[in-house]
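# Residue-level structural notes
These are the residues of each chain, in order.
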Amino acid sequence: MSTLAPLRLLREPWNASEGNQSNATVGASSGWCQGLDIPNELFLVLGLVSLVENLLVVAAILKNRNLHSPTYYFICCLAVSDMLVSISNLAEMLFMLLLEHGVLVMRPSIVRHMDSVIDMLICSSVVSSLSFLGVIAVDRYITIFYALRYHSIMTLQRAVVTMASIWLASTVSSTVLITYYRSNTILLCLIGFFLFMLVLMLVLYIHMFTLARHHLHSISRQQKPPITHRGGSLKGAVTLTILLGVFFICWGPFFFHLILIVTCPTNPFCTCFFSYFNLFLILIICNSVIDPLIYAFRSQELRRTLREVVTCSW
């Protein structure tokens, strides 16, 4: 077992007959269809880096009262979601090593129970991470387009209700997914959720970028002589590309994998794609490493608090 325990449930298609599946596997067993051998150490290292990064984000937000606002609470919840990815990864690696070396001896029923716990943990983190990425986009949208009314729209009470609702929905949906993971309907719901979040972020961030560019052009026209703000527009475009690009690159392959499971489980091309499942999991873990760099560490106030946390200046 060289992959995250929870998501390995979705590694192979189940909605194909055994004969057709074996034929497709044999037909796709050469060349690049062999997949990519990713060592467990890479999963372990990325998991540790992600865990440390996101722990620092959570500690900094809890420490600094200036960061006790809905925006940073959402970022804190995103960090916790990413931590769940790391914790489940590290827990499985430790669990595997103890079993393989005979240090831990457990009955098969207990092993399956532990598997289910890790399953729910990672699936809950997937749903909650996607949800909080969408909530952060909505929060930024309100900040820009309804700046004067932001504090009346995004109150602390509404933020708490939003966070609690997401965690509850993530827990329930992960339970349903683990119980009925062989159902195409459940997978289609998960795929639809991902596409919804992708479109939501795409629309909101492009609208925010368009407004910022229009605002720069308005300022330029009012100045004499007019000044072009290509640098600001380029920076905004780069930021937008990073936000959406990282989201799509890190999450897209895994959800495309789910789409292929539903649509073409025995097709040779699809079977080749399935063999790269571990790579898709690495990308998801990489996303939990990158998220703090995009959403948290860019804040000067948070970086200052992080330095205090690291140097134990409490």
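Residues numbered from 1 in each chain as written. Predicted model: local features only at pLDDT ≥ 70, side-chain atom pairs only at ≥ 80, totals over all residues. Heavy atoms only, no water.

## Concerning the pattern of salt bridges
- Scanning the entire structure with this criterion turns up three salt bridges.
- A salt bridge links Glu308 to Lys63, with the nearest nitrogen and oxygen atoms 2.7 Å apart. Here the residue Glu308 occupies a position in helix H11 (residues 300-310), and Lys63 occupies one in helix H2 (residues 40-63), the gap between them amounting to 245 residues.
- Judged by its relative accessible area of 21%, Glu308 falls in the partly exposed class.
- On the accessibility criterion, Lys63 (24% relative accessible area) is partly exposed.
- For the salt bridge of Arg304 with Glu301, the shortest nitrogen-to-oxygen distance reads 2.8 Å. Of the two residues, Arg304 and Glu301 are both situated in helix H11; the distance of three residues between them amounts to about one turn of the helix.
- Among the residues examined, Glu301 registers a relative accessible area of 26% and is labelled partly exposed.
- Shared partners join several salt bridges into a network, and the residues in it are Lys63, Glu301, Arg304 and Glu308. (Salt bridge = Lys/Arg side-chain N within 4 Å of Asp/Glu carboxyl O. Helix = DSSP H or I, 4+ residues; strand = E, 2+ residues; numbered from the N terminus. Buried < 20%, exposed > 50% of the residue type's maximum accessible area, 1.4 Å probe, protein only.)

## A few points about the UniProt feature "transmembrane region" (unreviewed entry) in the chain
- In the numbering used here, UniProt assigns the "transmembrane region" (unreviewed entry) feature to residues 42-62, 74-97, 117-138, 159-179, 185-212, 233-261 and 273-297.
- Its end C-alpha atoms 40 Å apart, residues 185-212 is made of 100% helix and 0% strand. (UniProt positions renumbered as here; feature names shortened; annotations may be inferred.)

## Some points on H11
- Residues Leu302, Thr305, Leu306 and Val309 constitute the buried set of H11. Seen end-on, H11 carries its buried residues on one side only, within an arc spanning 110°. Exposed residues pointing more than 90 degrees away from the buried face of H11 are listed as Gln300 and Arg307.
- Considering only its buried residues, H11 is in contact with H2, helix H3 (70-100) and helix H10 (277-296).
- Once H11 finishes, Cys312 follows within two positions and takes phi at roughly 60°, a positive value. (Arc of directions from axis to C-beta. Contact = heavy atoms within 4.5 Å.)

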